[in-house]
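# Topology and contacts: notes
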Amino acid sequence: MAADVSDDSSGVTGATPSPHRQGRILVVEDDPGTLDFLALALERSGFEVATATSAGEGLELLATHRFDVLLADIGLPGMSGFDLVREAKRLDPDLAIALMTADARVDVAVQALRSDVDDFLPKPISPVALIEQVDRLIERRHAKKSGPPQQVLAIGAHPDDVEIGVGGILLGHREAHDQITILTLSHGARGGDAAIRAEEASKAAALLGAELILGNLDDTRIAIGDPTVGMIEDAIAATAPAIVYTHTLCDLHQDHRNVHRASMVAARNVPSVYCYESPSATVKFEPVRFVSIDGAMEGKLEAIRSYQSQTAVRSYLDEELVRATARYWGRFGQTRYCEPLEVVRDRPPARSFGPGE
Ligand SMILES: [Zn+2]
């Protein structure tokens, strides 16, 4: 957001700055002045903000990113705010939504849509009132999400694969109170002392708020079929995940490719399956989803630092490389840092897949 922070005419200086606010807000507004004003006020209060100037652009962002709140103008060109709301609800039924308009009469129409819209924001709105409303919307979002937490399973061939591939994404799941399990299929003995690497893997998992299942398959000789498939099936039976993250097939390391193939078999009934990038991924790796990890970059690096016995000898664990890779993918996610994912299957989060249901 290239808005001028020192611009007094914005009235943004009246907002109460709070670096502790958390939440991802999408603002869809066709008037550039209003858009800048809203984005700046929200950013200065600590929210992560993405912007779009049309409903189509907004829906593209909603399809590829997780947001807590959608603020949309009613009078958008082309597809209206009302249509946007309907589509947005389809993509994420739990999304908190507020429509904005300068026309008080539209309130009547908003009333009619009350079931789909959580709030109604008059324009112009003061920064203080805006932040208060957004705080309320975030609370509502959390209340909606307070059903059973989602089970998430991240699978890696060796210690550190999962942290490098989806460390930031897993921290996002932790923030959403999801239950995370990391299945690491080998101790990675070829890359150092197995006992030390196991200890490091436990430490990294704890930093990500994840349970660790550490398998004992032969490093560099992980099979494409059993026992690999069986080990993954056991983890899936134990955790009933709604989401599985695993290696991409486009990888130079045979263990990574075999874990990918074994995962495809074992996770055949899991609603959502995504593939992450490893440092040994080839240029054929073709992600279509780019998840912002702006708020999780430092946490991801901290988890990777757990692999102390490796960071000295493994160039791919170089923090500069990890950060630069996320920064590169950030280009595609309209954000600073992203983790990229290939999508094998992508079903909307269905609460009925939670445990015990
Ligand atoms: Zn690996």
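Residues numbered from 1 in each chain as written. Predicted model: local features only at pLDDT ≥ 70, side-chain atom pairs only at ≥ 80, totals over all residues. Heavy atoms only, no water.

## So, the sheet that holds strand 9 (residues 243-247)
With mixed pairing, 7 strands are arranged side by side in an open sheet as 8-7-6-9-10-12-11. The sheet is open, and its two borders are formed by strand 8 (210-217) and strand 11 (289-292), each paired with just one other strand. Strand-to-strand twist of the sheet, defined as the mean angle between neighbouring strand axes without regard to direction, takes the value 25 degrees. Pairing geometry for strand 7 (residues 179-186) and strand 8, over 6 bridges, is parallel. The residue bridging Thr181 from the neighbouring strand is Glu211, located in strand 8. (Pairing = 2+ DSSP bridges. Helix = DSSP H or I, 4+ residues; strand = E, 2+ residues; numbered from the N terminus. Axes fitted to C-alpha atoms, helices over the stretch in contact; angles between N-to-C directions.)

## A short note on the environment of Glu57
Residue placement: Glu57 occurs in helix 2 (residues 55-64). Once residues lying within four places of it in the same chain are set aside, the contact partners of Glu57 are Thr51 and Ala52. (Contact = heavy atoms within 4.5 Å.)

## Looking at the coordination of the zinc ion
Around the zinc ion, the protein contributes the donor atoms His158 (ND1), Asp161 (OD), Asp161 (OD) and His256 (NE2), which lie 2.1 to 2.3 Å from the metal centre. Considering all 4 donor atoms around the zinc ion, angles at the metal cover 57 to 138 degrees and the coordination shape is irregular. Along the chain, the residues donating to the zinc ion fall in the pattern H-x2-D-x94-H. Of this pair, Asp161 sits in helix 6 (residues 161-175) while His256 sits in helix 9 (residues 254-266), and the two are 95 residues apart along the sequence. Note on accessibility: Asp161 and His256 belong to one class, buried. (Donors = N, O, S within 2.8 Å, 3.2 Å for Na, K, Ca; no water. Tetrahedral: all angles 85-135°; square planar, octahedral: opposite > 155°, others 65-115°. Buried < 20%, exposed > 50% of the residue type's maximum accessible area, 1.4 Å probe, protein only.)

## A few points about the packing of helix 8 (residues 228-239) against helix 9
Contact geometry of helix 8 with helix 9 gives a least axis separation of 9 Å together with a crossing angle of 50 degrees. Taken together, the axes of helix 8 and helix 9 are oblique relative to one another. Between helix 8 and helix 9 the crossing geometry is right-handed. Residue-level contacts link Thr228, Val229, Ile232, Glu233 and Ile236 of helix 8 to Val259, Ala262, Ser263, Val265 and Ala266 of helix 9. The residue makeup of the contact of helix 8 with helix 9, split by class, is 7 nonpolar, 2 polar and 1 charged. (Parallel < 35°, antiparallel > 145°, perpendicular 65-115°, else oblique. Left-handed = near helix turned anticlockwise from the far one by under 90°. Nonpolar A, V, L, I, M, F, W, Y, C, P; charged D, E, K, R; others polar.)

## Here we look at the sheet that holds strand 2 (residues 48-52)
Sheet architecture is open: 5 strands sit in the order 2-1-3-4-5, paired in parallel fashion. Single-partner strands in this sheet number two, and they are strand 2 and strand 5 (119-122). Each neighbouring strand pair of the sheet contributes to a mean axis angle of 20 degrees, computed without reference to strand direction. Relative to strand 2, strand 1 (residues 24-28) is paired through 5 bridges, and the arrangement is parallel. By the bridge assignment for strand 2, Ile25 is matched with Val49. Relative to strand 2, helix 2 is tilted by about 140 degrees, and along the sheet it contacts strand 1, strand 2 and strand 3 (69-73).

## Brief notes about the confidence of the model for the protein
Within the protein, residue pLDDT values average 85, and 86% of them lie at 70 or more. Contacts of residues 350-357 to residues separated by more than four positions or lying in other chains number 13 contacts, the stretch itself having pLDDT below 50. (pLDDT = per-residue confidence, 0-100.)

## Section: the pattern of salt bridges
Across all of its chains, the model carries 12 salt bridges by this definition. Asp68 serves as the salt-bridge partner of Arg66, at 3.4 Å between the closest nitrogen and oxygen. A residue is classified by how much of its surface remains accessible, and Arg66, at 33% relative accessible area, is partly exposed. For Asp68, a relative accessible area of 4% corresponds to the buried category. In this structure, a network of salt bridges that share partners links the residues Glu29, Asp73 and Lys123. (Salt bridge = Lys/Arg side-chain N within 4 Å of Asp/Glu carboxyl O.)

## Concerning helix 3 (residues 81-91)
Looking at helix 3, one finds that the buried residues are Gly81, Phe82, Leu84, Val85, Ala88 and Lys89. Each buried residue of helix 3 sits inside an arc of 155 degrees when the element is viewed along its axis, so together they form one side. (Arc of directions from axis to C-beta.)

## Quick look at the packing of aromatic side chains
For the structure shown, the criterion picks out 7 aromatic pairs. Seen in terms of ring centroids, Phe290 and Trp329 are 5.9 Å apart; in terms of plane orientation they differ by 25 degrees. Their pairing is stacked. Of the two residues, Phe290 is situated in strand 11 and Trp329 in helix 12 (residues 319-330); the sequence distance between them amounts to 39 residues. Pair check on accessibility: Phe290 and Trp329 agree, each one buried. By way of ring pairs, the aromatic residues Phe285, Phe290, Tyr328, Trp329 and Phe332 are connected into one cluster. (Phe/Tyr/Trp six-rings, centres within 6.5 Å; stacked < 30°, edge-to-face > 60°.)

## With respect to helix 8
An ideal rise of 1.5 Å per residue puts 16 Å on 12 residues; helix 8 measures up with 17 Å between its terminal C-alpha atoms. Against strand 6 (151-156), strand 7, strand 8 and helix 9 lie the buried residues of helix 8. In the stretch just after helix 8, Ala240 is the one whose phi turns positive, near 45 degrees. (Expected span 1.5 Å × (residues − 1).)

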